[in-house]
2 protein chains.
Amino acid sequence: MQSVHIMSAFDEELKYLSKRIASMGGHAERMVEQAVAALVNADPGLAQKVINDDAVLDEGQREIDDKAIIIIAKRQPMATDLREIVGAIRISADLERVGDLGKNVAKRVVAVTDGRQPSSLFRGLEALANLALTQLKEVLDVYASRSVDKIGFVRDRDDQIDAMYTSLFRELLTYMMEDPRNITPCTHLLFCAKNIERIGDHATNIAETIYYIVTGDQMPAERPKGDKTDKISLSAPLPAK
Amino acid sequence: MQSVHIMSAFDEELKYLSKRIASMGGHAERMVEQAVAALVNADPGLAQKVINDDAVLDEGQREIDDKAIIIIAKRQPMATDLREIVGAIRISADLERVGDLGKNVAKRVVAVTDGRQPSSLFRGLEALANLALTQLKEVLDVYASRSVDKIGFVRDRDDQIDAMYTSLFRELLTYMMEDPRNITPCTHLLFCAKNIERIGDHATNIAETIYYIVTGDQMPAERPKGDKTDKISLSAPLPAK
């Protein structure tokens, strides 16, 4: 069966960028999933795999940047097409950062699991990661469909991620105060939680870029920035001296 | 006296982007300087000023993005000029992130200084901030002069920043283990230190972008990523139960 739609070389170039972004997105999701699994299951082998996998995203970003610039120079696109290309540059930068954050979680696996922490410590982190990953997946679905009318969910889920991160932050501080042996692993878990919260922020950035690609406008009003933990000031019991 | 050099409208547009970047850079530096000063001197008023100042960088990035896209569409630039414009988009994104990180330090001022920490706690953070700020300043000087032959210093100083961050990380963990009352403020200081280490990373990103603008090549070989603290696993004394 012959295709009725004849694509121009330019359309094909744009489609290539979109496909490349989609594949970077899938790769970034897997890295984050596996990094968290490596942490929960104390699996340094899986952590090492995630660390190695990061190079794929660095390479993806570099390729998209190079291709995008060649397309702009060669095709001199206007309006939507230009936004599509500039948007691809931005989204690939966000996905590369998501990969870096996943890798950073993976690199902490040994330091966190050294002392065999109770699994309850990981449950909160797993829930946070699930929420951030759902955000990333749905945003990438919007990228595939370009249906920005559904994009309202992004802000709501961002709020949920922030609230869950804030409560996890408090919980981890409490564990640290209960027993000094928890301080080192919980510090690494705090950074893991922060990384995951930031993955949610990058997903939101991507949503904003998609909105810009489709409508030509910036999403109105800066969203309140994620991290609310800066105000947290738990007081510890007096030391048992 | 009449200028002998007649500038084209296009040259002026490019020059405008460069000037805008330089002014964003100066603004970002000041924010980081003042955020650290607010922390060291327990000055919530100055911290609030930094938090308010962040909007200037958000606006700067937005303006550069919009202008850059208009210039590309209108002028259809090639080679160096195109790299100059794409470079401006990237650098303004890095500077906007530097501002966010400075703002995040400022937001922690109240939580950190609540309990009046000994000033020794801040000395390491100040030294780290000085190093990161010197990196940022010198990179912005390279942007102004476009003399990438001098860019070798960037990697060396990045290594120094990483080493200093790692030792500060250890020091803060030790304070936390000594006295549970240190846990909350030191956790915030850990995040402040991480933010400052990342400001150094953004300065290095900017150096890489400048290298790309001037030479058309990516700086060879990915630099080893900054944070070496992921391996740190200090053991605490047994709890005094």
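Structure shown above.
Residues numbered from 1 in each chain as written. Chains lettered and ligands numbered in written order. Predicted model: local features only at pLDDT ≥ 70, side-chain atom pairs only at ≥ 80, totals over all residues. Heavy atoms only, no water.

Caption draft 1: Quick look at the overall build of chain A. Looking only at helices and strands, chain A has seven helices and zero strands in total. Counting only residues that meet the buried cut, chain A has 57% of its 241 residues in that class. For chain A, the share of sequence-separated contacts (at least 6 apart) that also reach a separation of at least 24 residues comes to 82%. Accessible surface, chain A: about 10,100 Å² in total, of which carbon and sulfur atoms supply 54%. (Helix = DSSP H or I, 4+ residues; strand = E, 2+ residues; numbered from the N terminus. Buried < 20%, exposed > 50% of the residue type's maximum accessible area, 1.4 Å probe, protein only. Contact = heavy atoms within 4.5 Å. Areas by Shrake-Rupley, 256 points an atom, 1.4 Å probe, with all protein chains shown as cover.)

Caption draft 2: A look at the side chain of His27 of chain A. Residues and elements named next belong to chain A. With respect to the element layout, His27 can be found in helix 1 (residues 9-40). The exposure class assigned to His27 is buried, which follows from its relative accessible area of 11%. A polar contact is formed between the side chain of His27 and the backbone oxygen of Asp53, at a distance of 2.9 Å. With residues near it in sequence (within four places) discarded, His27 still touches Asp53, Val56 and Leu57. (Polar contact = N/O pair within 3.5 Å; in protein donor to acceptor, adjacent residues only side chain to side chain.)

Caption draft 3: Up close: empty space enclosed by the protein. In this structure the tally under the stated criterion is one cavity of 30 Å³ or more. Considered as a void within the structure, the largest cavity measures approximately 60 Å³ in volume. Along the walls of the largest cavity sit Phe191, Lys194, Asn195 and Arg198 of chain A together with Phe191, Lys194, Asn195 and Arg198 of chain B, which together make up its complete lining. If you list the elements that add at least two residues to the lining of the largest cavity, you get helix 7 (183-215) of chain A together with helix 7 (183-215) of chain B. When grouped by side-chain class, the residues that make up the lining of the largest cavity number two nonpolar, two polar and four charged. (1 Å grid on protein atoms, 1.4 Å probe; cavity = no way out; pocket = protein on both sides within 12 Å on 5 of 7 lines; lining within 4 Å. Points joined across faces, edges and corners; volume = space filled by probe spheres on them. Nonpolar A, V, L, I, M, F, W, Y, C, P; charged D, E, K, R; others polar.)

Caption draft 4: Just the pattern of salt bridges, in detail. Counting across every chain of the model gives 30 salt bridges over all chains. Residues Asp230 of chain B and Lys107 of chain A are paired through a salt bridge, measuring 3.8 Å at the closest nitrogen-oxygen approach. Pair noted here: Asp230 of chain B is in the segment after helix 7 and Lys107 of chain A is in helix 3 (residues 79-107), and the two residues belong to different chains. Overall, Asp230 of chain B belongs to the buried group, its relative accessible area being 2%. Linked through salt bridges whose partners overlap, the residues forming this network are Glu13, Lys74 and Arg75 of chain A. (Salt bridge = Lys/Arg side-chain N within 4 Å of Asp/Glu carboxyl O.)

Caption draft 5: Representation of helix 7 of chain B. All names here are of chain B. In this model, helix 7 (33 residues) spans 48 Å end to end at C-alpha, consistent with the 48 Å of a helix rising 1.5 Å per residue. Of all the 33 residues making up helix 7, 28 are buried; the element is thus mostly covered by neighbouring parts of the structure. One or two steps after helix 7, the chain reaches Gly216, where phi turns positive at roughly 80 degrees. (Expected span 1.5 Å × (residues − 1).)

Caption draft 6: Molecular detail of the interface of chain A and chain B. Each side of the interface is counted separately: chain A has 52 residues, and chain B has 52 residues. Counting each side, the surface lost to burial between chain A and chain B is near 4,700 Å², with a carbon and sulfur contribution of 58%. Our enumeration of links across chain A and chain B arrives at four salt bridges. Across the pair Arg90 of chain B and Asp65 of chain A runs a salt bridge, and its minimum N-O distance is 2.8 Å. Between the two partners, chain A and chain B, sit two residue pairs in polar contact (both at pLDDT 80 or more). Sorting the residues of the side of chain A that touches chain B by element identifies helix 2 (44-75), helix 3, helix 6 (153-178) and helix 7 of chain A as the ones contributing at least two each. Residue contributions to the side of chain A that touches chain B peak at nine residues, all from helix 7 of chain A. Grouping the constituent residues of the side of chain A that touches chain B by class yields 24 nonpolar, eight polar and 20 charged. (Buried area = accessible area lost by both parts, 1.4 Å probe.)

Caption draft 7: Spatial organisation of the packing of aromatic side chains. Following the criterion strictly, the structure yields five aromatic pairs over all chains and no others. Summarising the aromatic geometry, the rings of Tyr165 of chain A and Phe169 of chain A are spaced 6.1 Å apart at their centres and angled 65 degrees between planes, so their arrangement reads as edge-to-face. Residue Tyr165 of chain A and its partner Phe169 of chain A are located together in helix 6, separated by four residues, close to a single helical turn. Taken as a pair, Tyr165 of chain A and Phe169 of chain A share a single burial class, namely buried. Relative to Phe191 of chain B, the ring of Phe169 of chain A has its centre 6.0 Å away and its plane inclined at 40 degrees; by these criteria the two rings are tilted. (Phe/Tyr/Trp six-rings, centres within 6.5 Å; stacked < 30°, edge-to-face > 60°.)

Caption draft 8: Molecular detail of the packing of helix 1 (residues 9-40) of chain B against helix 2 (residues 44-75) of chain B. Residues and elements named next belong to chain B. The geometry of helix 1 relative to helix 2 is characterised by a closest axis approach of 10 Å and an angle of 160 degrees between their N-to-C directions. Between helix 1 and helix 2, the angle falls in the class roughly antiparallel. Considering how the two elements wind past one another, helix 1 and helix 2 form a crossing that is left-handed. By residue class, the composition of the contact of helix 1 with helix 2 is 18 nonpolar, four polar and nine charged. (Axes fitted to C-alpha atoms, helices over the stretch in contact; angles between N-to-C directions. Parallel < 35°, antiparallel > 145°, perpendicular 65-115°, else oblique. Left-handed = near helix turned anticlockwise from the far one by under 90°.)

Caption draft 9: Expanded view of the relation of the copies chain A and chain B. Expressed as a screw transformation, the operator carrying chain A onto chain B has a rotation angle of 180 degrees and an axial translation of 0.0 Å, and the superposed copies differ by an RMSD of 0.0 Å. Both copies are brought into coincidence by an operation consistent with a two-fold rotation axis. Mapped onto chain B, 100% of the interface residues of chain A are again interface residues, and the two copies thus contact each other with one and the same surface. (Least-squares fit on C-alpha atoms with pLDDT ≥ 70 in both.)

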